Amino acid sequence: MSENQKPNRRQQILECLAHMLETSPGQRITTAKLAAEVGFSEAALYRHFPSKARMFEGLIEYIEESIFSRINMILADQKETLVRCHHITHVFLMFAEKNPGMCRILAGDALVGENDRLRTRVHQFFEKLETQYKQILRERKLREGKNFNISEAALANTLLSYSEGKISGYVRSGFAKKPSDNFTEQWQFLMAGV
């Protein structure tokens, strides 16, 4: 960054919030703690975000953009249904593993006592992901001429539940039990039944 460029304060605040979520598991992040960590006054935080809920929404937007932009790349590059699902699940778990603070948001841990609309946004994110799985699975009959031994809706929900469970386990373990642990074996087991 050149000396003439100002650092992106909004980005700096969001990065600091994500870092605090990672390094302070189980603790509620107050604007006072965040301001101290960033090195701003609380008033300065509110010049960039009208509320703490908006800060969390900024992180949720980052999660959505990161995951769904990668999904779009997978859909463009891969045509086989199960390969698509595998890559999407793996990308999601690796994103979670590399962004532990974000996992606290996805698991709902960081949103306890926060604005209800944040939990709604996370719920909508997971619904959108499940819908994406369903769409991919439904296209299998057209693309490959094959059916599943289970309904597309049930399989999509299974894939989503698997991912959510891995992320929740990561948060519960204090970020010690990585979401990608045993992924290959577990994926083979899941796919053996379909």
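Predicted, not measured: the structure shown is a model, and the values here were computed from it.

## Considering the overall build of the chain
Looking only at helices and strands, the chain has 9 helices and 0 strands in total. When the elements of the chain are put in sequence order from the N terminus, they spell out α-α-α-α-α-α-α-α-α. The buried share of the chain, reckoned over its 194 residues, is 43%. Total accessible area on the chain is roughly 10,400 Å²; 48% of this is exposed by carbon and sulfur atoms. The positive charge centre, built from 27 side chains, and the negative charge centre, built from 23, are 2 Å apart in the chain.

## Structural notes on helix H9 (residues 183-192)
What H9 keeps buried is the set Phe183, Trp187 and Met191. The buried residues of H9 occupy one face: seen down the axis, they fall within an arc of 60°. The outward face of H9, more than 90 degrees from its buried face, is lined by the exposed residues Glu185, Gln188, Phe189 and Ala192. In this structure, the buried side of H9 is in contact with helix H5 (81-98) and helix H8 (152-172).

## Here's the deal with the environment of Asp181
Assignment of secondary structure puts Asp181 in the loop between H8 and H9. Overall, the relative accessible area of 31% leaves Asp181 in the partly exposed class. Linking Asp181 and Lys166, residues 15 residues apart in sequence, is a C-alpha distance of 8.9 Å. Other than its neighbours up to four places away in sequence, Asp181 contacts Lys166 and Gln186.

## Digging into the packing of helix H4 (residues 52-77) against H5
It is at 10 Å that the axes of H4 and H5 come closest, and there the two elements cross at 150°. Looking at the two axes, H4 sits roughly antiparallel to H5. Crossing of H4 against H5: the hand is right-handed. Packed against H4, whose contacting residues are Tyr62, Ile63, Ser66, Ile67, Arg70, Ile71, Ile74 and Leu75, the element H5 presents Arg84, His87, Ile88, Val91, Phe92 and Phe95 at the interface.

## Here we look at the pattern of salt bridges
Scanning the entire structure with this criterion turns up 11 salt bridges. Residue Arg143 pairs with Glu139 through a salt bridge whose shortest N-O separation is 3.5 Å. Of the two residues, Arg143 and Glu139 both sit in helix H7 (residues 116-144), 4 residues apart, roughly one turn of that helix. Judged by relative accessible area, Glu139 falls into the partly exposed class, the value being 22%. Each of the salt bridges in this network shares a partner with another, and the network as a whole consists of Arg28, Lys52 and Glu114.

## Things to note about unusual backbone geometry
Peptide bonds are, in most cases, trans, and in most cases residues other than glycine have a negative phi. Even without being glycine, Phe175 reaches a positive phi, approximately 70°. One non-glycine residue, Asn182, adopts positive backbone phi at about 65°. Tracing the chain through its elements places Asn182 in the loop between H8 and H9. Looking at Asn182, the relative accessible area reads 47%, which means it is partly exposed.

## Section: the side chain of Thr81
With respect to the element layout, Thr81 can be found in helix H5. Judged by relative accessible area, which is 1%, Thr81 ranks as buried. If near-sequence neighbours (up to four positions away) are discounted, Thr81 is found in contact with Ile136, Leu137, Arg140, Glu144 and Phe148.

Rules of the game
- Residues numbered from 1 in each chain as written.
- Predicted model: local features only at pLDDT ≥ 70, side-chain atom pairs only at ≥ 80, totals over all residues.
- Heavy atoms only, no water.
- Helix = DSSP H or I, 4+ residues; strand = E, 2+ residues; numbered from the N terminus.
- Buried < 20%, exposed > 50% of the residue type's maximum accessible area, 1.4 Å probe, protein only.
- Areas by Shrake-Rupley, 256 points an atom, 1.4 Å probe, with all protein chains shown as cover.
- Lys, Arg positive; Asp, Glu negative; His and termini not counted.
- Charge placed at Lys NZ, Arg CZ, Asp CG, Glu CD.
- Arc of directions from axis to C-beta.
- Contact = heavy atoms within 4.5 Å.
- Axes fitted to C-alpha atoms, helices over the stretch in contact; angles between N-to-C directions.
- Parallel < 35°, antiparallel > 145°, perpendicular 65-115°, else oblique.
- Left-handed = near helix turned anticlockwise from the far one by under 90°.
- Salt bridge = Lys/Arg side-chain N within 4 Å of Asp/Glu carboxyl O.

These results come straight from atomic positions and should not be treated as a statement about function.
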